[in-house]
Each structure stands twice: as C-alpha cells, then as structure tokens.
Amino acid sequence: RSARPVDAFVRPGTCPRIYDYAVTSGWHQVTLFNTTLPGQEETLSVPLAGDQVDGALGLDPAREYYVYDFWNNSLAGRFKGTDKLTQTLRPGEARMLAIHAVEPNPQFISTSRHIMQGLLDLPQKPVWDARGKTLSGSATVAANETFRIFLATNGAKAVAAAPGCKLEPASDPNLVILAIDSAKTATIDWQVRFE
C-alpha cells in the first residue's frame, strides 16, 4: 500500500504536494511538500472531510482530530472534522503529520522514533483499559536512546508509568510524554495509569 496523492486531480499540470496514508479510518499519516522554486514559504490546505476525488482526506465530519507534526515535534492542533488543515511550510520543507480521531479516553498520537509515528515502532498498538484506567502497548526501542510516546490525556491525569518508563511534561497541557530507556535494542512493554 502507498500514500494517495490527495491533490493530484485538483491542481492540473502540477505535481501533487499532499499525500495521505490511511492507517485506519481514524488514523492517517499526511505528508505535505513545499516544492515551490525558487524556495519560498508556501501555505497548503486540505479539507479533513469531504470527497477524496475533490482533494479532501475523507475523514468523518462529525469527529474531532489531533494533528501531530513529527519534524517540528509539536502538536499542530485539535481540529473539527469539518475544518481545513492549513499549514505554512518553509522553503523545501516536507512536513509529516499524524492525524488521530479524538477518543473519549487517553490515547497515543505520535512517537519519536519513526516518521510513521507508531505504525512501525509500536508492534502492539496502544489499548485503553477502562476498568484499570490504563493505556498500554509495546514499543521497539534502540539501545541507549530515549524513545518517546506522545499521549493525549483527554481530560485525565497521568499518574504512574511501568518500571523502566517515566512520565515527562509536554509543552501542551493536554499532552504527556512517556519516555522509555533501554540498555539494549528490544521490544519493551509499557503502561501508563491515569486518574
């Protein structure tokens, strides 16, 4: 499977600049390219909902979505499904965005290891246990290099992490970071408890 060139047929005579890789119906990886020559800032927009043939991502207009910017390591925002995602890119910049439908419980929205932000580096995708109020999964980590998982708290408070993991504050008050360190390259089980 490959990414879909979202704007291939809405801008005739030009190369596509927006690509969408649908991991699931609620998780998309979107790449934006500033191909303007000579190099200058460029603003790109894409409707989150709407017909894909018209250059939209085709997401659910009734939901809300987190957008996390991998290369700039920041939350780009929380958007309504009816919104347009608009980003201004630096000259020659490629921007990799993880888009996750907002859940009623804490959820993961990105990782620090790979540009696909969890697709390849989280072999067991995070699972929410409502009874135990825990979010858990597994992560493939490299030896002696901190691996970070960015979590949206969605109104809950992270209070404890599994042994070998620690909680770090994020620049956004609605996020918390789970940091995992390992002396060897391994797949590590992790868990975060909320209240």
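Residues numbered from 1 in each chain as written. Predicted model: local features only at pLDDT ≥ 70, side-chain atom pairs only at ≥ 80, totals over all residues. Heavy atoms only, no water.

S.K.: How would you summarise the packing of aromatic side chains if you had to cite specific residues and measurements?
M.R.: We describe a pair of aromatic rings using the distance from one ring centre to the other and the angle between the two ring planes. Taken as a whole and assessed by the stated rule, the structure comprises 5 aromatic pairs. Arranged with centres 5.4 Å apart and planes meeting at 85 degrees, the rings of Trp27 and Phe108 form a pair that is edge-to-face. Of this pair, Trp27 sits in strand S3 (residues 27-33) while Phe108 sits in strand S9 (residues 107-111), placing them 81 residues apart in sequence. Since its relative accessible area comes to 9%, Phe108 is described here as buried. Where Tyr68 meets Phe150, the ring centres are 4.9 Å apart and the plane angle is 25 degrees; that geometry is what we call stacked. In this pair, Tyr68 is assigned in strand S5 (residues 64-69) and Phe150 in strand S12 (residues 147-152), connecting sequence segments 82 residues apart. Relative accessible area serves as the criterion here: at 4%, Phe150 is assigned to the buried category. (Phe/Tyr/Trp six-rings, centres within 6.5 Å; stacked < 30°, edge-to-face > 60°. Helix = DSSP H or I, 4+ residues; strand = E, 2+ residues; numbered from the N terminus. Buried < 20%, exposed > 50% of the residue type's maximum accessible area, 1.4 Å probe, protein only.)

S.K.: Which residues make up the sheet that holds S12, and what values do they have?
M.R.: If you trace the 4 strands from one edge of the open sheet to the other, you get S9-S12-S15-S14, paired in antiparallel fashion. Of all the strands in the sheet, just S9 and strand S14 (165-169) have a single pairing partner and so form its edges. With strand direction ignored, the average angle separating the axes of adjacent strands in the sheet is 30 degrees. Bridge count between S12 and strand S15 (residues 175-180): 6 bridges; the pairing is antiparallel. Across the sheet, residue Ile149 finds its bridge partner in S15, namely Leu178. (Pairing = 2+ DSSP bridges. Axes fitted to C-alpha atoms, helices over the stretch in contact; angles between N-to-C directions.)

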